[in-house]
Amino acid sequence: MELDNRKITILKAIIKTYLETGEPVGSRTISKYSDLKLSSATIRNEMSDLEEMGYILQPHTSAGRIPSDKGYRFYVDQIMQEKDDQVTEIKELMIQRVGRVELLLKQMAQVLAANTNYAAMISGPRYHQNKLKFIQLSKVDERKILIVTVVEGNIIKNAMADIAESLSDEELLNLNILLNSSLNGLTIEEINLGVISSLKERAGVHSHVVDLVLNEVAEAIKADVEDLQIYTSGATNIFKYPELSEGEKASQLLSTLEQKEMLQNLILDVNDHESENDTGIQVYIGDETPVQGMKDCSVVTANYELGEGLRGTIGIIGPKRMDYEKVLQTLKNLMVQLDKTIKKEE
């Protein structure tokens, strides 16, 4: 007897329901799954087959079933295969698209700088509000585990962690299932105190492992920011403005435009305080900018989107007496052009 698609669907439904409730699962409960559309009698027959095959167990005389270790193993292997397939597919699409987009963004930065006579910067696309895709815990030795974290954008973070006590294979499997069923699809902002508290309670004596995993999730998302590509153009345009071309000011501003970390701070601030107006354009004047080296400037920014949660930031840096009307119109025109070009690429 083999696991056909219907049995797989029912097995997954049993495991997901059991993970949520901790109670044996009956055919009536499973029949309520909207994507099954099967009668309770049909489900009972399938559950009987699954029990005979060793994927589920009947803990006592009630009609409910719970997953066996074999059932859990199948479920985890399925999750891992699905995630691997998703990662491969997304990666191939992203390599094709990002290669073209990066060239386009470099050209856009040059056009912006030439059209405005100011300095311009454009960040490469990154996922906005990254969602956690997958977690895998593996035992290295008795007191050490490997934590693999995958977030949107195919950012993969591997880390070794010391644990207080040894974990059996079954305990490790249950932790993998618990973490993935609770955290997959959540952003770092959505993993709040309530989620963490519930996770720790369900992890019981292994709650410290939850802390280790959450630290790695935060690090994986941080890694996405650190890998952010930023393209600049027109830095020497600042010498055209006496108030910025003075030796020390010019040196500081040029240095800032060359420091990726400084520009990252600006981009993070743009996304943290996203404009509520329809244009999505923000203007920082003097001390309003979060970057010390730009305190004598005005910075006008806008976000562009590539769809599927991918977002980047465009910025124009010039004197406080910049031609705001021209800059705002140039940015709006660029946003329209960028949107058209990217849709054509797709």
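I'd like to hear about the packing of aromatic side chains, residue by residue, with values.
For the coordinates displayed, the defined rule picks out two aromatic pairs. Judged by centre distance (5.8 Å) and plane angle (75°), the rings of tyrosine 55 and phenylalanine 74 are edge-to-face. Separated by 19 residues along the polypeptide, tyrosine 55 in the loop between helix 3 (40-52) and strand 1 (56-57) and phenylalanine 74 in helix 4 (residues 69-116) bring together distant segments of the chain. Across from the ring centre of tyrosine 55, 4.5 Å away, lies the NZ or CZ of lysine 70, which sits over that ring.

Now, about the nonpolar core: what can you tell me, with residues and values included?
Ile10, Ile14, Ile30 and Leu50 are the most contacted members of the largest nonpolar core, which has 29 residues in total. For this core, the secondary-structure elements that each account for two or more residues are helix 1 (5-21), helix 3, helix 4 and helix 5 (169-183). The greatest single-element share of this core, amounting to eight residues, is contributed by helix 1. Sequence-distant contacts of leucine 50, that is, excluding residues within four places in its chain, are made with Leu3, Lys7, Ile10, Leu11, Ile14, Tyr55 and Ile56. In terms of nonpolar packing, the next biggest core, distinct from the first, is built from 24 residues, Ile145, Leu178, Leu183 and Ala203 among them.

How would you summarise the environment of isoleucine 230 if you had to cite specific residues and measurements?
As for its position among the elements, isoleucine 230 is in strand 8 (residues 230-233). Note: C-alpha distance between isoleucine 230 and glycine 312 (82 residues apart in sequence) is 9.5 Å. Apart from the residues within four sequence positions on either side, isoleucine 230 is in contact with Met121, Ile122, Ser123, Lys260, Leu263, Gln264 and Ile267.

An account of the environment of valine 300 is requested, with residue identities and associated values reported.
Relative to the helices and strands, valine 300 is located in strand 10 (residues 297-307). Overall, valine 300 belongs to the buried group, its relative accessible area being 1%. For the pair valine 300 and glutamine 282, spaced 18 residues apart in sequence, the C-alpha separation works out to 5.7 Å. Beyond its immediate sequence surroundings of up to four residues, valine 300 is in contact with Ile281, Gln282, Val283, Ile314, Gly315, Ile316, Met322, Val327, Leu328 and Leu331.

So what's going on with the confidence of the model for the protein? Residues and values would help.
Looking at the protein as a whole, its pLDDT mean stands at 79, while 80% of the residues score no less than 70. Across the protein, strand 1 holds the top mean pLDDT of 92, while strand 4 (residues 126-127) sits lowest at 65. Taken as a whole, residues 275-279 scores under 50 in pLDDT and shows four contacts with residues more than four places along the chain or in a different chain.

Let's hear about a negative patch on the surface: which residues, and what values?
Negative charge collects at one region of the surface, where Glu246, Glu248, Asp287, Glu288 and Asp296 lie side by side. The exposure class of aspartate 287 is exposed, given its relative accessible area of 65%.

Help me get a handle on the packing of helix 5 against helix 6 (residues 193-203), residues and values and all.
The contact between helix 5 and helix 6 brings their axes to 11 Å, and the two run at 160°. Relative to helix 6, the element helix 5 lies roughly antiparallel. Where helix 5 crosses over helix 6, the two elements pack in a sense that is right-handed. Where helix 5 approaches helix 6, its residues Leu175, Leu178, Leu179, Ser182 and Leu183 are matched on the opposing element by Val195, Leu199, Arg202 and Ala203. Class assignment of the residues belonging to the contact of helix 5 with helix 6 gives a composition of seven nonpolar, one polar and one charged.

Describe in detail the side chain of arginine 65, supporting the description with residues and values.
Among the structural elements, arginine 65 can be located in the loop between strand 1 and strand 2 (66-67). Arginine 65 gets classed as buried once you look at its relative accessible area, which sits at 13%. In terms of polar contacts, arginine 65 uses its side chain to reach the side chain of glutamate 51, at 2.9 Å. If we skip the residues at most four places from it in the chain, arginine 65 touches Ile14, Pro24, Val25, Met47, Glu51, Ile56, Leu57, Gln58 and Pro59.

Can you explain the packing of helix 1 against helix 3? Please cite residues and give values.
The interhelical angle for the contact between helix 1 and helix 3, taken along N-to-C directions, is 85°, at an axis separation of 10 Å. Our classification of the angle between helix 1 and helix 3 gives roughly perpendicular. From helix 1, Arg6, Lys7, Ile10, Leu11 and Ile14 reach across to helix 3, where they touch Thr42, Ile43, Glu46, Met47, Asp49 and Leu50.

Mind laying out the side chain of serine 123, listing which residues take part and the relevant values?
Structurally, serine 123 can be placed in strand 3 (residues 119-123). Taking the relative accessible area as the measure of exposure, serine 123 reaches 1% and is therefore buried. A distance of 2.8 Å separates a polar side-chain atom of serine 123 from the backbone nitrogen of threonine 313. Each residue touching serine 123, except ones within four places of it in the same chain, is listed here: Leu105, Leu228, Gln229, Ile230, Ile267, Tyr304, Gly312 and Thr313.

An account of the pattern of salt bridges is requested, with residue identities and associated values reported.
Tallying each qualifying case throughout the model produces ten salt bridges. A salt bridge links glutamate 51 to arginine 65; the shortest N-O distance between them is 2.9 Å. One end of the pair, glutamate 51, is in helix 3; the other, arginine 65, is in the loop between strand 1 and strand 2, and 14 residues separate them in sequence. Judged by its relative accessible area of 29%, glutamate 51 falls in the partly exposed class. Aspartate 77 is the salt-bridge partner of arginine 73, the closest N and O atoms lying 3.0 Å from each other. Here arginine 73 and its partner aspartate 77 are both found in helix 4, four residues apart, which amounts to about one turn of the helix. Taking the relative accessible area as the measure of exposure, arginine 73 reaches 40% and is therefore partly exposed. On the accessibility criterion, aspartate 77 (39% relative accessible area) is partly exposed. A network of salt bridges, in which partner residues are shared, links Asp4, Arg6, Lys7, Glu46 and Asp49.

Cut-offs used in this document
- Residues numbered from 1 in each chain as written.
- Predicted model: local features only at pLDDT ≥ 70, side-chain atom pairs only at ≥ 80, totals over all residues.
- Heavy atoms only, no water.
- Phe/Tyr/Trp six-rings, centres within 6.5 Å; stacked < 30°, edge-to-face > 60°.
- Helix = DSSP H or I, 4+ residues; strand = E, 2+ residues; numbered from the N terminus.
- Lys NZ or Arg CZ within 6 Å of the ring centre and 35° of its normal.
- Core = buried A, V, L, I, M, F, W, Y, C linked by side-chain atoms within 4.5 Å.
- Buried < 20%, exposed > 50% of the residue type's maximum accessible area, 1.4 Å probe, protein only.
- Contact = heavy atoms within 4.5 Å.
- pLDDT = per-residue confidence, 0-100.
- Patch = residues over 30% accessible without salt bridge, like charges linked within 9 Å, V, L, I, M, F, W, Y side chains within 5 Å.
- Areas by Shrake-Rupley, 256 points an atom, 1.4 Å probe, with all protein chains shown as cover.
- Salt bridge = Lys/Arg side-chain N within 4 Å of Asp/Glu carboxyl O.
- Lys, Arg positive; Asp, Glu negative; His and termini not counted.
- Charge placed at Lys NZ, Arg CZ, Asp CG, Glu CD.
- Axes fitted to C-alpha atoms, helices over the stretch in contact; angles between N-to-C directions.
- Parallel < 35°, antiparallel > 145°, perpendicular 65-115°, else oblique.
- Left-handed = near helix turned anticlockwise from the far one by under 90°.
- Nonpolar A, V, L, I, M, F, W, Y, C, P; charged D, E, K, R; others polar.
- Polar contact = N/O pair within 3.5 Å; in protein donor to acceptor, adjacent residues only side chain to side chain.

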